[in-house]
Each structure stands twice: as C-alpha cells, then as structure tokens.
Amino acid sequence: MNVPHTPEQLEALRRLDACTLANAIETFQVRLRNEGFAAGAPRCLFPRLPSMVGYAATIKIRGSSPPSSGGATYIEQTDWWDYILSLPAPRIVVVQDVSSSPGRGALLGEVHVNILRALGCIGAVTDGAVRDLPAVENLGFHFFAASLSVSHAYVHIVETGEPVQIAGLTVGSGDLIHGDIHGVQTVPHELVSALPGTAEKIISRERALIALARTPGLPLETLRAAVAGKRPA
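My aim in this report is to walk through the structure given alongside it, one point at a time.

This next bit is on the overall build of the protein chain. From N to C terminus, the protein chain includes 7 helices and 11 strands. If you line up the protein chain on its principal axes, its C-alpha atoms span 70 × 35 × 30 Å. Expressed as a percentage of the 233 residues in the protein chain, the buried residues total 41%. Considering only contacts within the protein chain whose residues lie at least 6 apart along the sequence, 78% involve residues at least 24 apart. Total accessible area computed for the protein chain in this model is approximately 11800 Å², and 53% of it derives from carbon and sulfur atoms. Where the 19 positive side-chain charges of the protein chain centre and where its 21 negative ones centre are 8 Å apart.

Okay, here's the thing in structure tokens:
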C-alpha cells in the first residue's frame, strides 16, 4: 500500500461489526472463507470499546529466556519505535511471541501502551501475553491477547516489519486490521471503498429475514423460500 485510506473510509469500516465485515469480504471471493482472521486466541480483552481499525506494525518477540547476546533490556530498546512511525496512522501493533514458552512475559503494559499511544497506536494484537489491564482499558487502548502475565520476564524484540503468524492469521506490515468483541481480521486494501455498501445490503437482507422468521404463524415453506434466496450465514 502506497497511499493510506481516508479517515472517512476507515470510520466507515470501524462502524461495522466484525461478523458483518467478514460476510461482506466473502462476497468478493478474494480469499478462502477459512482465511483472513485469527481463530480462537487472541481474544478481545476490552469488549466495551468500539471496533478497532488501523494499519499493522508487525513485531516478533522472545521473553521466556534471557537474550543470548545480552545488550539492552526490553525497556531500553527503542529502535522499533522508528519502524512504527514509518507506517500510516492509526497504527496497531501486531506481536508474535516466538518464545519457547509463549506468553511467559508481557511486552505491553501501562508504560509501553502510553508510549505507543504517543506513536499514534490505538491497539495491539498478540498471541502472547499483556498486563496492566485496568490502566490500559482506561486509556481506551485495544488489547487482543492470548494470555496475561504479571511480568515482562526477558521480553525483547527480535524482528520488526516482517510477516507474523497470529492464531492462523498471517499479517504483513501495513496490512489493514479490524477487531472487535468477535475477533481480529485483515481487510483487503482493494476492497475498502466497496465494503460498507456491500455490508449495508447484507444487513438489509438479514433484517428482512429475521423479521420474516418472527412473523406469527408463518408457513415454513415461506421461510424456506426466503432462506434459499440468501447466502448461508
């Protein structure tokens, strides 16, 4: 992606729930229906927050054992901030924990989240651990994580800007990410302008079917005919 999407386009995506967005993406047949989303973990830790939409800053970490080369501690590593700033805002940090024991230590807690917010980040997705939940939720910062940890252990950055794997979802640097209480998925850049309109048509059809299903005494054949004309959920 060379040019970021407009704020209006991102806001239109943010107003969609993840399930409707996934249904809309399916209609374009640009990927298999079992691809493009994280399965199971990571889960949304702050479900009261609205949907999250932003560009992925991809990072790999280790934290279960001390780094073999020694050097700076995790809190002293700052070169990855420059990489984050090279991406358009709003930014979402996507962290793959490649430790032998993923989730042993948490890279992100209150301190780093405040730093990330200063860097234009609005949320984080990880197959590892996070911590300091009350403080982070009060900031309105999104956390999607597989686990929690009381400690940062020996967490250190081992790679930035390369594709990461999060619960079956491949995320590349600069990919567009959407997340809400249902989970996290990538949004194909080429579909951004078309998805809101497609989603509205899907919502309209679903509302009509639901209203029909709630009709007292409705003949079963009428409902079958209506369902036959609609893509299965």
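The next subject is helix α6 (residues 195-213). One turn of an α-helix holds 3.6 residues; hence residues three or four places apart share an orientation. With 19 residues, α6 extends 27 Å from end C-alpha to end C-alpha; this agrees with the ideal 27 Å at 1.5 Å per step. Residues of α6 that are buried include every one of L195, T198, A199, I202, I203 and L209, and no others. Along α6, the residues classed as buried sweep out an arc of 135° about the axis, all on the same side. In α6, the exposed positions that point more than 90 degrees away from the buried face belong to K201 and R207. Contact partners of the buried residues in α6: α1 (7-14), α2 (18-26), β11 (183-187) and α7 (220-228).

Structurally, T20 can be placed in helix α2. In this view, T20 contacts A199 and I203; residues no more than four positions away in its chain are not counted.

Basis of the calculations
Residues numbered from 1 in each chain as written. Predicted model: local features only at pLDDT ≥ 70, side-chain atom pairs only at ≥ 80, totals over all residues. Heavy atoms only, no water. Helix = DSSP H or I, 4+ residues; strand = E, 2+ residues; numbered from the N terminus. Buried < 20%, exposed > 50% of the residue type's maximum accessible area, 1.4 Å probe, protein only. Contact = heavy atoms within 4.5 Å. Areas by Shrake-Rupley, 256 points an atom, 1.4 Å probe, with all protein chains shown as cover. Lys, Arg positive; Asp, Glu negative; His and termini not counted. Charge placed at Lys NZ, Arg CZ, Asp CG, Glu CD. Expected span 1.5 Å × (residues − 1). Arc of directions from axis to C-beta.

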